[in-house]
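Below are the chains, spelled out letter by letter.
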Amino acid sequence: MGYKKEAIDCVKDHVLPLHKQIYDKYDGDFDRIYSEGYNSKSYQGRVIEPGKAYYSFFRSLSLNC
């Protein structure tokens with residue numbers, strides 16, 4: 001199996017649904033997502049330029065892939 005397929009299989013059941021929940025919770029508003037939704041024990045987010053530029057850092061991400 002190629003890397004791309006392995007990566008997709010790894011995140012499709014855990015990471016992607018989590019990000020979809022955050023996206024839905026904040027109605028797709030990336031300014032709110034990166035200032036509120038991505039501030040947890042796993043993620044840190046920051047708005048660099050509202051509506052244009054964002055910063056995210058994954059503090060801890062445990063996947064058993």
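Conventions used here
- Residues numbered from 1 in each chain as written.
- Predicted model: local features only at pLDDT ≥ 70, side-chain atom pairs only at ≥ 80, totals over all residues.
- Heavy atoms only, no water.
- Helix = DSSP H or I, 4+ residues; strand = E, 2+ residues; numbered from the N terminus.
- Core = buried A, V, L, I, M, F, W, Y, C linked by side-chain atoms within 4.5 Å.
- Buried < 20%, exposed > 50% of the residue type's maximum accessible area, 1.4 Å probe, protein only.
- Contact = heavy atoms within 4.5 Å.
- Patch = residues over 30% accessible without salt bridge, like charges linked within 9 Å, V, L, I, M, F, W, Y side chains within 5 Å.
- Areas by Shrake-Rupley, 256 points an atom, 1.4 Å probe, with all protein chains shown as cover.
- Salt bridge = Lys/Arg side-chain N within 4 Å of Asp/Glu carboxyl O.
- Phe/Tyr/Trp six-rings, centres within 6.5 Å; stacked < 30°, edge-to-face > 60°.

A. Summary view of unusual backbone geometry. Phi at Asp27 is positive, roughly 50 degrees, even though this residue is not glycine. Looking at the element boundaries, Asp27 is found in the loop between α2 (15-25) and α3 (30-37).

B. View of the nonpolar core. If you look at the biggest cluster of nonpolar residues, it comprises seven residues: Val15, Ile22, Tyr26, Ile33, Tyr34, Tyr38 and Tyr43. Contributing elements (two or more residues each) for this core: α2 and α3. Those residues in contact with Tyr26 that lie beyond four places of it in its chain are Arg32, Ile33, Glu36 and Gly37.

C. Main features of a nonpolar patch on the surface. Taken together, the side chains of Ile48, Tyr55 and Phe57 make up a nonpolar region of the molecular surface, amounting to roughly 280 Å² of accessible area. In this fold, Ile48 is placed in strand β1 (residues 43-49).

D. Spotlight on the packing of aromatic side chains. For the structure on display, the rule yields seven aromatic pairs. With 6.4 Å between their ring centres and 35 degrees between their planes, Phe30 and Tyr34 make a pair best called tilted. In this pair, Phe30 and Tyr34 are both assigned in helix α3, four residues apart and thus about one turn of the helix distant. Judged by its relative accessible area of 38%, Phe30 is partly exposed. Centroid distance Phe30 to Tyr54: 6.1 Å. Interplanar angle 45 degrees. Geometry classified as tilted. Taken together, the residues span a long stretch of sequence, with Phe30 in helix α3 and Tyr54 in strand β2 (residues 53-58) at a distance of 24 residues. Among the aromatic side chains, those forming a connected cluster through ring pairs are Tyr23, Phe30, Tyr34, Tyr38, Tyr43, Tyr54 and Phe58.

Worth remembering: the numbers are spatial, not functional.
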